[in-house]
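# Per-entry structural report
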Amino acid sequence: MLEVKVLLEDREMPKKWYNVLPELMDLKTPFSPPLDPATKKPLDPSKLEAIFPKALIAQEASMEKMIPIPEDILKVYNIWRPTPMYRAAKLEKALKTPAHIYFKNESVSPPGSHKPNTAVAQVYYNMKEGVKRIATETGAGQWGSALAFACNYFGLKATIYMVKVSYQQKPYRRSMMQVWGAHCIPSPSDKTNTGKAILKQQPDHPGSLGLAISEAVEDAATHDDTKYSLGSVLNHVLLHQTIIGEELKLQLKKVNVKPDILISCVGGGSNFAGLVLPFVPDVKAGKKIRMIAVEPTACPTLTRGYYAYDFGDVAELTPLLKMYTLGHKFIPPKIHAGGLRYHGDAPIICQLVKEGIVEGRAYHQKEAFKAAVTFARAEGFIPAPETAHAIKAVIDEAIKCREEKKKKTIVFNFSGHGHFDLGSYDLYFEGKMEDYHLEKKYIEQAFKDLPKI
Ligand SMILES: Cc1ncc(COP(=O)(O)O)c(C=O)c1O
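Residues numbered from 1 in each chain as written. Predicted model: local features only at pLDDT ≥ 70, side-chain atom pairs only at ≥ 80, totals over all residues.

## Here we look at the overall build of the protein
Put simply, the test is: Numbering of helices and strands runs from the N terminus, with a helix taken as a DSSP run of H or I at least four residues long and a strand as a DSSP run of E at least two residues long. Note on method: radius of gyration uses C-alpha positions; expected globular size equals 2.2 Å times residues raised to 0.38. Burial in this document is a count-based property: other C-beta atoms within 10 Å of a residue's C-beta are tallied, and the residue is buried at 20 or more, exposed at 12 or fewer, or partly exposed in between, with C-beta positions derived from the backbone.
A tally of helices and strands in the protein yields 20 helices and 15 strands. Taking 22 Å as the expected radius of gyration for a compact globule of 453 residues, we find that the protein reaches 20 Å, a close match to that expectation. Taken along its principal axes, the extent of the C-alpha atoms in the protein is 60 × 50 × 45 Å. When each of the 453 residues of the protein is scored for burial, the buried share is 56%.

## Some thoughts on the pairing of strand β15 (residues 409-414)
For the record, the criterion: Pairs of strands are assigned from DSSP output, requiring at least two bridges between the strands.
In terms of residue burial, β15 counts as a mostly covered element, since five of its six residues are buried. Judged from the six bridges that link them, strand β5 (residues 100-105) and β15 form a sheet pairing that is parallel. Along β15, the bridge assignment pairs Lys104 with Asn413. Bridging between strand β10 (residues 261-265) and β15 involves three bridges; their strand directions are parallel. Counted as the bridge partner of Ile263 is Phe412 from β15.

## Comments concerning the pairing of β5
Taking burial as the measure, the six residues of β5 include six buried ones, the bulk of the element. Of the two faces of β5, both are covered, the one formed by His100, Tyr102 and Lys104 as well as the one formed by Ile101, Phe103 and Asn105. Here three bridges tie strand β4 (residues 85-87) to β5, and the two strands are oriented antiparallel to one another. If you follow Arg87 over to β5, its bridge partner there is Tyr102.

## As for the sheet that holds β4
As a reminder of what qualifies: Here the contact rule is simple: place C-beta atoms from the backbone, and any two residues whose C-beta atoms are within 7 Å are in contact. Here an axis means a line fitted to C-alpha atoms, over the contact stretch when the element is a helix, while the angle between two N-to-C directions is reported on a 0 to 180 degree scale.
Strand order in the open sheet formed by seven strands is β1-β4-β5-β15-β10-β11-β14, and the pairing between neighbours is mixed. On the outer flanks of this sheet lie β1 (5-6) and β14 (358-363), each paired with one strand and no other. Against the sheet, helix α18 (residues 385-404) contacts β5, β10, β11 (290-296), β14 and β15, and its axis sits at roughly 150 degrees relative to β10.

## Description of the site of the ligand
Heads up, the rule is: The criterion for a residue being near a molecule or strand is simple: its C-beta atom, placed using the backbone, must lie within 6 Å of it. Each residue receives one of three labels: charged for Asp, Glu, Lys and Arg, nonpolar for Ala, Val, Leu, Ile, Met, Phe, Trp, Tyr, Cys and Pro, and polar for the others, Gly being one of them.
For the ligand, the set of nearby residues contains 21 residues, the closest of which are Gln142, Ser232, Gly267, Gly339 and Gly416. Listing elements by their share of the shell around the ligand, those giving two or more residues are α6 (142-154), α13 (270-276) and α18. Ranked by residues supplied to the shell around the ligand, first place goes to α13 with three residues. For the shell around the ligand, the per-class residue count stands at seven nonpolar, 13 polar and one charged.

Encoded structure:
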């Protein structure tokens, strides 16, 4: 009988995160460490102590291949993990494709996405080091709600700067954060110097992830009891997400399936990393697995960005990271996938793109929503707009298999549900959703702000 879903017992849940960093050291594209913006030399990790706990700073540069997950984190993970791996047989039938499609369902967590995999870990390490409050940014609100959930669990306060356009588009995400006791503020706000300065120049500024990061970093750096937490991009965040791929490997083994193509959407790169990084050693050993990272055409970092050192935020408060970037001053158009509106990407993923191990691909939001509706009508689950981008690539690859009469195995990450994004679905059905084609001149302008290294 065809398996609909493959489950793992609680006791089968992996007890270690997979750290890809040691594997990246012998690639042709050199691994580029974060730089101190003042000296342009590799950053002294102790400089990060103003905003991060020591345990996470150590994980950021760790060369240990497998990192044990503390028991208290495993206990929280067990609320919703191991997550199911589904066979999307009804989608295969609808597409008349010989391809086999599987997906890892990360939407089953209490906040509804993969984000608590790292939120729980980050809040735990902060709690251990006596931190009382965490400041963070959020785009669509998935990360903010995950951090609110984790802070509530471990008894910390949470202040969440939410990109203003998403704050208006997704009011129920804010409500969710409030239920878990967090304070959610639309960004730009009048709570920080960065926010005040931006509001003075442009009172109706829609906000961006880069700007909300600046506000949260400033908040943490100016309060002794507060640290900052980032929901994507950094090595330790990607590390915590590898529980996805580690579980997936066990589930694929149970049904004796080997993936040909791995697909996920990329905002800062964390859920994509969680899915694919545990397979990097296999690819390096010669296994043919394509890894497709899907981004929005409105914010095409991997497909049209420069591979250069850049700031992670608008106010230039973060270290310089080597990544595909559209320039830290780039304000992406107001697409509905708020979590994909980031000017850069995780340095680890960017190195893998540069190396040719990962392929970048971009789609418009309307075609992504069309794919999401096809998926929801076949499989039932309603995807988040971010996840919809991955699904568009899955459908395209499955159709290609049909045309080429090839039976490939496609596995993707269902990174989150769209229950709080139904307003966006309404606009799609009413024909009121716009696509944005970024003219070259805007991208070239944004590149002018890249720091000179
Ligand atoms: C459901 C969902 N998927 C994907 C993303 C993109 O983030 P990342 O690239 O870090 O996985 C987000 C970000 O908010 C999200 O909410």
